[in-house]
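Below, each chain spelled out in residue letters.
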Amino acid sequence: MAETLKDAKYTDLLPYASSPDKTAQFVKEVCQIMLQFIERSLDLGTKVMEFLPPEELAKRIEFGLKDEADDLQQILTYCRDTLHYSVKTGHPYFFNQLFAGIDIISLMGDCLASAANTSMYTYEVGPVFVLMENSVLKQMMNFIGYTSGDGILAPGGSLSNIYALSAARFKMFPESKKQGIRHLPPLVCLTSQEGHYSLKKGAALLGLGTDGIISVETDELGRMIPSDLRAKIEDAKSRGLCPFMVNATSGTSVRGVFDPLIAISEICHEFNLWLHIDASWGGACLLSKKHRHLMTGSERSTY
């Protein structure tokens, strides 16, 4: 048995070898590297990132696969280099609308979930996490104002929008699940001109085509104009198209604007259209007493 991490390889760790002490040493070393990175991320005296051009970074870190395994000391070096050249998204000077900084409890939760290495598709495989998911979903529905419902946790806003397109199509044409789209009328979804590009990506994936996304004009602040939404719906119907969903946005990607949900929901109710709210950017306002009003009307979305 190798006595140092420099001489040791992955085969000297659990579960390949009965060596809990060496495994603990390696895990502690990795955790220390992570902790040092977090501390540097919160230090105003450090850079947000150590930027290198791609060709230069490729010289600093070995990315190729090897025939022989590296020793654990080299693995630790890779860990240090990986964080050293990564963007410090928790840095006080890092500004981007898609990051929430560092939360230690969440970080440890990620580690715990990875250690369990389970899945969510049945209770038998992931009993704790399945009940946890159900509890989180119920609480989220309460935040929104839903009186009933179900849901899933999606990995991001893009896939959530694609899920919405699929669900809305199924709601209007349940036979599409079995028969596909060959017998359906030309379906169209309406969203503001500042809506997320993932809707067009989803339309392409689901066979609707990117022409199946109709842009609605916005006002000077970037909010969807309800009167233009109505006009676009009526125009689409007059041209033999079949509107089936409206996508409102709570927190547009560029300007962080919130569409007028109540006015939009009334139009959707009038034309019997599925109302989806893309709130991946601004949905957290539901947790804020100060900003919750921006999500007024979210309870009227289709579920």
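Coordinates for the structure precede this section.
Here is what the cut-offs are and how they apply
Position numbers for residues count from 1 along each chain, tracking the sequence in the order it is written. Given that this is a predicted model, residues contribute local features only at a pLDDT of at least 70 and side-chain atom pairs are listed and counted only at 80 or more, while totals for whole chains, interfaces and linings are drawn from all residues. Only hydrogens and water are set aside when side-chain values are computed; all heavy atoms of the structure are taken into account. The salt bridge criterion pairs a side-chain nitrogen of Lys or Arg with a carboxyl oxygen of Asp or Glu, the two atoms within 4 Å. Only DSSP runs of H or I with at least four residues qualify as helices, and only runs of E with at least two residues qualify as strands; both kinds are numbered from the N terminus onward. Buried means the residue's accessible area, taken with a 1.4 Å probe over protein chains only, is under 20% of the maximum for its type, while exposed means over 50%, and partly exposed covers the values in between. Each patch is built from residues lacking any salt bridge and having more than 30% relative accessible area; the joining distance is 9 Å for like charges and 5 Å for nonpolar side chains (Val, Leu, Ile, Met, Phe, Trp, Tyr). Using a 1.4 Å probe, accessible areas were evaluated by the Shrake-Rupley method; residue-level cover was limited to the displayed protein chains. For helices, the axis comes from a line fit to the C-alpha atoms of the stretch in contact; other axes are also lines fit to C-alpha atoms, and the angle between any two N-to-C directions lies between 0 and 180 degrees. Angle categories: roughly parallel below 35 degrees, roughly antiparallel above 145, roughly perpendicular from 65 to 115, and oblique for all the rest. Should the near helix be turned anticlockwise from the far one by less than a right angle, the crossing is termed left-handed; should it be turned clockwise, right-handed. Contacts are residue-level and defined by heavy atoms, with any inter-residue pair within 4.5 Å sufficient. Throughout, the ten residues Ala, Val, Leu, Ile, Met, Phe, Trp, Tyr, Cys and Pro are labelled nonpolar, Asp, Glu, Lys and Arg are labelled charged, and all others, Gly among them, are labelled polar. When DSSP finds two or more bridges between two strands, those strands count as paired. The path from the first strand over the helix to the second decides the hand: if it runs clockwise while the strands point away from the viewer, the crossover is right-handed.

Looking now at the pattern of salt bridges. Scanning all chains against the criterion turns up nine salt bridges. Of the charged contacts in the structure, one is a salt bridge between Arg60 and Glu56, with a shortest N-O distance of 3.3 Å. Here the residue Arg60 and the residue Glu56 both occupy positions in helix α2 (residues 54-60), the gap between them amounting to four residues, near one helical turn. Exposure remark for Glu56: the relative accessible area of 26% places this residue in the partly exposed category. As a salt-bridge pair, Asp219 and Arg223 come within 2.8 Å of each other at their nearest N and O atoms. Judged by its relative accessible area of 32%, Arg223 is partly exposed.

On the surface, Val128, Met132, Val136, Met140, Phe143, Leu153 and Leu287 cluster together into a nonpolar patch covering about 630 Å² of accessible area. Here Phe143 falls in the partly exposed class, since its relative accessible area comes to 31%.

Following both chains from N to C, one finds helix α9 (residues 226-238) and helix α10 (residues 261-271) inclined at 20 degrees, their axes separated by 9 Å at the closest point. Compared by their axis directions, α9 and α10 come out roughly parallel. For the crossing formed where α9 meets α10, the hand is right-handed. Judged by residue contacts, Pro226, Leu229, Arg230, Ile233, Glu234 and Lys237 of α9 engage Ala263, Ile264, Ile267, Glu270 and Phe271 from α10. Here the residues of the contact of α9 with α10 are counted per class, giving seven nonpolar, no polar and four charged.

On to the pairing of strand β1 (residues 187-192), then. Look at any regular strand and the pattern is simple: side chains alternate between the two faces of the sheet. With respect to burial, β1 is a largely interior element, six of its six residues being buried. As judged from the five bridges shared by β1 and strand β3 (residues 242-249), these two strands associate in the parallel manner. Residue pairing across strands places Leu190 opposite Val246, the latter belonging to β3. Alignment of β1 against strand β2 (residues 213-216), held across four bridges, turns out to be parallel. Opposite Ser192, over in β2, you have Val216 as the bridge partner. In terms of handedness, the path from β1 via helix α8 (residues 198-205) over to β2 forms a crossover that is right-handed.

Contact geometry for helix α1 (residues 20-41) and helix α3 (residues 72-84): axes closest at 10 Å, N-to-C directions at 15 degrees. Compared by their axis directions, α1 and α3 come out roughly parallel. The two elements α1 and α3 cross, and the hand of that crossing is right-handed. Only Leu72, Ile75, Leu76, Cys79, Arg80 and Leu83 of α3 make contact with α1, whose side of the interface consists of Phe26, Glu29, Val30, Ile33, Met34 and Phe37. A class-by-class count of the residues in the contact of α1 with α3 yields ten nonpolar, no polar and two charged.

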